[in-house]
Amino acid sequence: MGLEELFVSVLIAGLSLVNATVAGAAWTRARDPRLLLVAAANVALLAVGALWAWGQLPGGPSEFATPSWPVLLLVLLGTLLFLGTALVPRRS
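Residues numbered from 1 in each chain as written. Predicted model: local features only at pLDDT ≥ 70, side-chain atom pairs only at ≥ 80, totals over all residues. Heavy atoms only, no water.

Caption draft 1: The arrangement of the packing of aromatic side chains in detail. Within this structure, the stated rule accounts for zero aromatic pairs. Directly above the aromatic system of tryptophan 27 lies the positively charged group of arginine 31, at a separation of 4.4 Å from the ring centroid. (Phe/Tyr/Trp six-rings, centres within 6.5 Å; stacked < 30°, edge-to-face > 60°. Lys NZ or Arg CZ within 6 Å of the ring centre and 35° of its normal.)

Here is the structure:
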């Protein structure tokens, strides 16, 4: 694995952090349980991205922390969909 996988892993973690923050802030204002679920799902994706980014660092990380391209791209797609979910306004 190389620099590209590290970039995608950090991108996943970053987008998940932004989305979890937006959804968490919206939840504190509206108390809509869907927003809390979106925030929790993004915290989980943040953990996955951080774990995979750790797997790219030198120093012999565990084997389970090594990412693969198909899994990284699927998680990136899920992160982008979650980001879109938090940004689309609710219908009244």
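Caption draft 2: Seen up close, unusual backbone geometry. For arginine 31, which is not glycine, the phi dihedral falls at a positive 55 degrees. Within the fold, arginine 31 resides in the loop between helix H1 (3-30) and helix H2 (33-56). (Helix = DSSP H or I, 4+ residues; strand = E, 2+ residues; numbered from the N terminus.)

Caption draft 3: Expanded view of H2. A rise of 1.5 Å per residue sets the reference length of H2, with its 24 residues, at 34 Å; its end C-alpha atoms lie 35 Å apart and thus fit the reference within 8%. Every buried residue of H2 is accounted for by Leu35, Val38, Ala39, Asn42, Leu45, Gly49, Trp52, Ala53, Gly55 and Gln56. (Expected span 1.5 Å × (residues − 1). Buried < 20%, exposed > 50% of the residue type's maximum accessible area, 1.4 Å probe, protein only.)

Caption draft 4: Local environment of a nonpolar patch on the surface. A cluster of nonpolar side chains, contributed by Leu51, Trp54, Leu57 and Phe64, occupies part of the molecular surface with about 390 Å² of accessible area. Note on leucine 57: relative accessible area 43%, which makes it partly exposed. (Patch = residues over 30% accessible without salt bridge, like charges linked within 9 Å, V, L, I, M, F, W, Y side chains within 5 Å. Areas by Shrake-Rupley, 256 points an atom, 1.4 Å probe, with all protein chains shown as cover. Salt bridge = Lys/Arg side-chain N within 4 Å of Asp/Glu carboxyl O.)

Caption draft 5: Region of interest: H1. Under the 1.5 Å per step criterion, the end-to-end length of H1 is 40 Å for 28 residues, consistent within 8% with the ideal 40 Å. By the burial criterion, the buried members of H1 are Glu5, Val8, Ser9, Ile12, Ala13, Leu15, Ser16, Asn19, Ala20 and Ala23. Where H1 terminates, the next one or two residues include arginine 31, which has phi positive at roughly 55 degrees.

Caption draft 6: Seen up close, the nonpolar core. In this structure, Val8, Ile12, Leu15, Leu45, Trp52, Leu72, Val75, Leu76 and Leu83 together form the largest nonpolar core, which totals nine residues. Within the residue set of this core, elements represented by two or more residues are H1, H2 and helix H3 (69-87). The dominant element in this core, judged by the number of residues it contributes, is H3, at four residues. In this structure, leucine 72 is in contact with Glu5, Val8, Ser9, Ile12, Trp52 and Pro67, ignoring residues within four places of it in sequence. (Core = buried A, V, L, I, M, F, W, Y, C linked by side-chain atoms within 4.5 Å. Contact = heavy atoms within 4.5 Å.)

Caption draft 7: Quick look at the confidence of the model for the protein. The share of residues in the protein with pLDDT of 70 or more is 95%, and the mean pLDDT across the chain is 82. At the low end of the mean pLDDT range in the protein sits H3, at 77; at the high end sits H1, at 90. (pLDDT = per-residue confidence, 0-100.)

Caption draft 8: Highlighting the packing of H1 against H2. Relative to each other, H1 and H2 sit at 160 degrees, their axes nearing to 7 Å. The orientation of H1 with respect to H2, classified from their angle, is roughly antiparallel. Between H1 and H2 the crossing geometry is left-handed. Among the residues making up the contact of H1 with H2, the classes are represented as 20 nonpolar, seven polar and one charged. (Axes fitted to C-alpha atoms, helices over the stretch in contact; angles between N-to-C directions. Parallel < 35°, antiparallel > 145°, perpendicular 65-115°, else oblique. Left-handed = near helix turned anticlockwise from the far one by under 90°. Nonpolar A, V, L, I, M, F, W, Y, C, P; charged D, E, K, R; others polar.)

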